Amino acid sequence: KLKNIKYRGFYDGKMYQVKEIRFETEEVCLWKGKASNFILIETSKVELMQFTGLRDCNGVEICEGDIVKVKYNEMSWGRKIEHDFVGLVCCGEFESVERDGIYDYILGWFIKVKDTSLSLLNYDGNIEVIGHKFKNLTLLESPVYITVL
């Protein structure tokens, strides 16, 4: 079964649900949150944010352009390692390091953290949406913490 492709739209300083994209007329139908309160806007005036198909730890849909906080733990060589960082959700080609040290390029959803790109799928369930790139860019200045216990 195919998943519905969903979008949010940022327009005029506000975030809206996208109900319809009209390719033939280059318009986007945005829902303002009330029963029949829709607005029709030129596509070029709306910043579209595609839904990744994943939800954060609070059930919020994760979209391209969201700023997320990631916290997870792993065991390595008998020691617990805690990771805590903030990044930007993106879609496209990114460089990934395989376990054997060979670099590979992957096309898909990733989290841009400083100068590194990490696959979004690796952190499913350990992510919290804390903002988006249109209003909260300063959140990306947060330090990256890796603690070995």
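See the structure above.
To keep things clear, this report deals only with the structure shown in the data block. As the structure is a computational prediction, the values presented were derived from the model and not from experiment.

Procedures and definitions
Residues numbered from 1 in each chain as written. Predicted model: local features only at pLDDT ≥ 70, side-chain atom pairs only at ≥ 80, totals over all residues. Heavy atoms only, no water. Core = buried A, V, L, I, M, F, W, Y, C linked by side-chain atoms within 4.5 Å. Buried < 20%, exposed > 50% of the residue type's maximum accessible area, 1.4 Å probe, protein only. Helix = DSSP H or I, 4+ residues; strand = E, 2+ residues; numbered from the N terminus. Pairing = 2+ DSSP bridges. Axes fitted to C-alpha atoms, helices over the stretch in contact; angles between N-to-C directions. Salt bridge = Lys/Arg side-chain N within 4 Å of Asp/Glu carboxyl O. Contact = heavy atoms within 4.5 Å.

Overview of the nonpolar core
Argument step 1. One finds Ile62, Val68, Val70, Ile111, Leu120, Tyr123 and Ile127 to be the most contacted residues of the largest nonpolar core, which totals 14 residues.
Argument step 2. Among the secondary structure elements, those contributing two or more residues to this core are strand E7 (66–76), strand E8 (79–97), strand E9 (103–113) and strand E11 (127–132).

Digging into the sheet that holds strand E3 (residues 27–31)
Argument step 1. Within the open sheet, the six strands sit side by side as E4-E3-E2-E1-E5-E6. Their pairing is antiparallel. Every other strand in the sheet has two partners, leaving strand E4 (38–42) and strand E6 (61–63) as the edge strands with one partner each. Taking the axes of each pair of neighbouring strands and ignoring which way they run, one obtains an average angle of 45 degrees across the sheet.
Argument step 2. Strand direction decides the pairing type here: E3 and E4, joined by five bridges, are antiparallel.

A word on the pairing of strand E10 (residues 116–119)
Argument step 1. Only one face of E10 is covered, namely the face carrying Ser117 and Ser119; the face carrying Thr116 and Leu118 is uncovered.
Argument step 2. Once E9 ends, the chain turns through two residues before running back antiparallel as E10, passing Lys114 with a positive phi of about 50 degrees.

Let's talk about the pattern of salt bridges
Argument step 1. Under the defined criterion, the tally for this structure stands at seven salt bridges.
Argument step 2. Notably, a salt bridge pairs Glu61 with Arg55, separated by 3.3 Å at the nearest N-O pair.
Argument step 3. Classification of Glu61 as buried rests on a relative accessible area of 18%.
Argument step 4. Here Arg55 falls in the partly exposed class, since its relative accessible area comes to 43%.
Argument step 5. Where salt bridges share partners, they join Lys6, Arg55 and Glu61 into one cluster.

A few points about the side chain of His132
Argument step 1. In this structure, His132 sits in strand E11.
Argument step 2. If we skip the residues at most four places from it in the chain, His132 touches Phe10, Met15, Met49, Gly65, Asp66, Ile67 and Leu137.

Quick look at unusual backbone geometry
Argument step 1. In this model, Asp12 sits at a positive phi of 55 degrees, which is unusual for a non-glycine residue.
Argument step 2. Following the sequence through the fold, Asp12 ends up in the loop between strand E1 (7–11) and strand E2 (14–22).
Argument step 3. The residue Glu26 is not glycine, and still its phi comes out positive at about 55 degrees.
Argument step 4. In this structure, Glu26 sits in the loop between E2 and E3.
Argument step 5. On the basis of relative accessible area, Glu26 is assigned to the exposed category, the value being 58%.

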